[in-house]
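Take a look at the letters that make up each chain.
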Amino acid sequence: MSEEIPHILAKAIEHDRSGNLEQALEVYDQAILDGISDVLIFSNRGLVLERLQQWEEAFHSFSKAAALNSNYRDHFRAGNMLLVLKRYDEAISAFNSSLECRDDDPECWVNQGIAHFNLKQFTEAGDRFQKALSLDPEFSPALRSLAILHSTQGDETKAADYYGKAARAQPVRASAWFEFACSLYKTLPEDKTEFEPNGPEGKTIQVLDRVIELQPNTQGAWGRKVGVLFRLTDAALAADRNASANNSDAPALFPMLHGELLSTLSEACHRFPDDKWFADRSKEAAAL
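Calculation rules
- Residues numbered from 1 in each chain as written.
- Predicted model: local features only at pLDDT ≥ 70, side-chain atom pairs only at ≥ 80, totals over all residues.
- Heavy atoms only, no water.
- Disulfide = S-S within 2.5 Å.
- Buried < 20%, exposed > 50% of the residue type's maximum accessible area, 1.4 Å probe, protein only.
- Helix = DSSP H or I, 4+ residues; strand = E, 2+ residues; numbered from the N terminus.
- Polar contact = N/O pair within 3.5 Å; in protein donor to acceptor, adjacent residues only side chain to side chain.
- Contact = heavy atoms within 4.5 Å.
- Axes fitted to C-alpha atoms, helices over the stretch in contact; angles between N-to-C directions.
- Parallel < 35°, antiparallel > 145°, perpendicular 65-115°, else oblique.
- Left-handed = near helix turned anticlockwise from the far one by under 90°.
- Nonpolar A, V, L, I, M, F, W, Y, C, P; charged D, E, K, R; others polar.
- Salt bridge = Lys/Arg side-chain N within 4 Å of Asp/Glu carboxyl O.
- Arc of directions from axis to C-beta.
- Expected span 1.5 Å × (residues − 1).
- Lys, Arg positive; Asp, Glu negative; His and termini not counted.

Trainee: What exactly am I supposed to notice about the state of the cysteines here?
Mentor: Should the sulfur atoms of two cysteines be covalently bonded, the bond is a disulfide. As enumerated under the stated definition, the model contains zero disulfides in all. Here Cys 108 is not cross-linked by a disulfide; its sulfur's nearest cysteine counterpart is in Cys 101, at 9.6 Å. Using a relative accessible area of 0% as the deciding quantity, one classes Cys 108 as buried.

Below, the structure is given as structure tokens:
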């Protein structure tokens, strides 16, 4: 390494850490104009360009670094830039080059799988996601990618299973639990409603409550919870009327579920006072 290079890197990194990305880029560009061709110059330059969202230039910089010294990281970064640029065939090739250097990073397998997915090569995508899980069974990007893959192929049950695993792998991430809840919501059967706490509706509400616990202002979670509670309340009203007509002594279900629906709507209206949807649902619930 030239004696100049550590000084160039230090100067550019100082600008970078101060938030002066354009000045950092100027340092790297000047070094290249001065005839310095070093893997670290091009690699770090690529990182700055990536943060500046200059994807094409970042790709070329990472590719130059990898050409000077073939290495896992720069091939991988070049592949990521190609993903952003939607040049999926080229991205697959770049990730292959990365994996030839090192094949034990689940992130590279996942990103290559995403490129296959975008080319509608679903079998190849699934193979890459599963390879990532063989390296790290709780790698959430692989779990989430498999969930999206199964959902795309119409298997919402498997999708929900993988969304659940992804949420449990990152237990304090509200967005992961919300995706799980939305997936469960899609799997609720059209012709049957269960009142048991661990039935489909009960599980969906439990996951939605987890979202609300982690991030109370997730409006969609409140909306879906209201939707499930309406479903349960309507079914309870029908069940209670049927029991009454048959002189059954089964306990009434409607009062408890109706009360939970009203309580949830009251809290949602308080939290989102400008949302007319919750106000309208509250009127509908009161009229039941």
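Trainee: How should the side chain of Gln 112 be read in this particular structure?
Mentor: Mapping Gln 112 onto the fold places it in helix H7 (residues 106-118). A distance of 2.9 Å separates polar atoms of two side chains, one belonging to Gln 112 and the other to Asn 96. Excluding its chain neighbours within four sequence positions, the residues that come into contact with Gln 112 are Ile 92, Phe 95, Asn 96, Leu 99 and Arg 128.

Trainee: Would you mind showing me how to read the packing of helix H13 (residues 219-245) against helix H15 (residues 276-286) here?
Mentor: Describing two packed helices takes the angle between their axes plus the distance from one axis to the other. Where H13 contacts H15, the axes come no closer than 12 Å and their chain directions differ by 20°. Looking at the two axes, H13 sits roughly parallel to H15. Both H13 and H15 take part in a crossing whose hand is left-handed. Every residue of H15 that contacts H13 at Gln 219, Trp 222, Gly 223, Val 226 and Phe 230 is listed here: Trp 277, Phe 278, Arg 281, Glu 284 and Ala 285. For the contact of H13 with H15, the residue count by class is six nonpolar, two polar and two charged.

Trainee: For this particular structure, what's the right way to read the packing of helix H8 (residues 122-135) against helix H9 (residues 140-152)?
Mentor: Running from N to C, H8 and H9 cross one another at 155°; their axes reach a closest spacing of 9 Å. As summarised for this structure, H8 and H9 are arranged roughly antiparallel, according to the angle between their axes. Along this stretch, H8 crosses H9, giving a crossing that reads as left-handed. Touching Phe 122, Gly 126, Phe 129, Gln 130, Ala 132 and Leu 133 of H8 are Ala 142, Leu 143, Ser 145, Leu 146, Leu 149 and Thr 152, all from H9. The class makeup of the residues in the contact of H8 with H9 is eight nonpolar, four polar and no charged.

Trainee: Would you take a moment to explain the environment of Lys 86 for this structure?
Mentor: Tracing the chain through its elements places Lys 86 in the loop between helix H5 (72-84) and helix H6 (88-101). Counting along the chain gives 33 residues from Lys 86 to Leu 119, while the straight-line C-alpha distance between them is 9.8 Å.

Trainee: What is the right way to look at the pattern of salt bridges in this model?
Mentor: Close approach of charged atoms allows side chains with opposite charge to pair. For the coordinates displayed, the defined rule picks out 15 salt bridges. For Arg 87, the salt bridge goes to Glu 90, with nearest N and O atoms at 2.9 Å. Here Arg 210 ties to Glu 213 by a salt bridge, and the two come within 3.4 Å at their closest N and O atoms. Note that Arg 210 and Glu 213 are positioned in helix H12 (residues 200-214) at a spacing of three residues, about one turn of the helix. A relative accessible area of 23% places Arg 210 in the partly exposed class. Residue classification places Glu 213 among the exposed positions, given a relative accessible area of 57%. In the salt-bridge network here, residues are joined through shared partners; they are Asp 29, Arg 45 and Glu 57.

Trainee: What should I look at first to understand H15 in this one?
Mentor: Three or four residues apart is the spacing at which side chains of an α-helix point the same way, because the helix has 3.6 residues per turn. Listing the buried residues of H15 in full gives Phe 278, Arg 281 and Ala 285. For H15, the buried positions fall inside an angular range of 65° around the axis, keeping them on one side. More than 90 degrees from the buried face of H15, the exposed residues found are Lys 276, Lys 283 and Ala 286. Elements in contact with the buried residues of H15: H13 and helix H14 (254-271). Taking the backbone nitrogen of Trp 277 as reference, a side-chain oxygen 2.8 Å away marks Asp 275 as the first, capping residue of H15.

Trainee: Sorry if this is basic, but what is going on with H13 here?
Mentor: Taking 1.5 Å per residue, 27 residues should reach 39 Å; H13 reaches 39 Å between its end C-alpha atoms and fits that length. The positive-phi residue at the C-terminal boundary of H13 is Asn 247, with phi of around 55°.

Trainee: For this particular structure, what's the right way to read the side chain of Asp 38?
Mentor: Structurally, the position occupied by Asp 38 is in the loop between helix H2 (21-33) and helix H3 (39-51). Lys 64 provides the closest opposite charge to the buried, salt-bridge-free Asp 38, at an N-O distance of 11 Å. What Asp 38 contacts, discounting residues up to four positions off in sequence, is Ile 5 and Leu 68.

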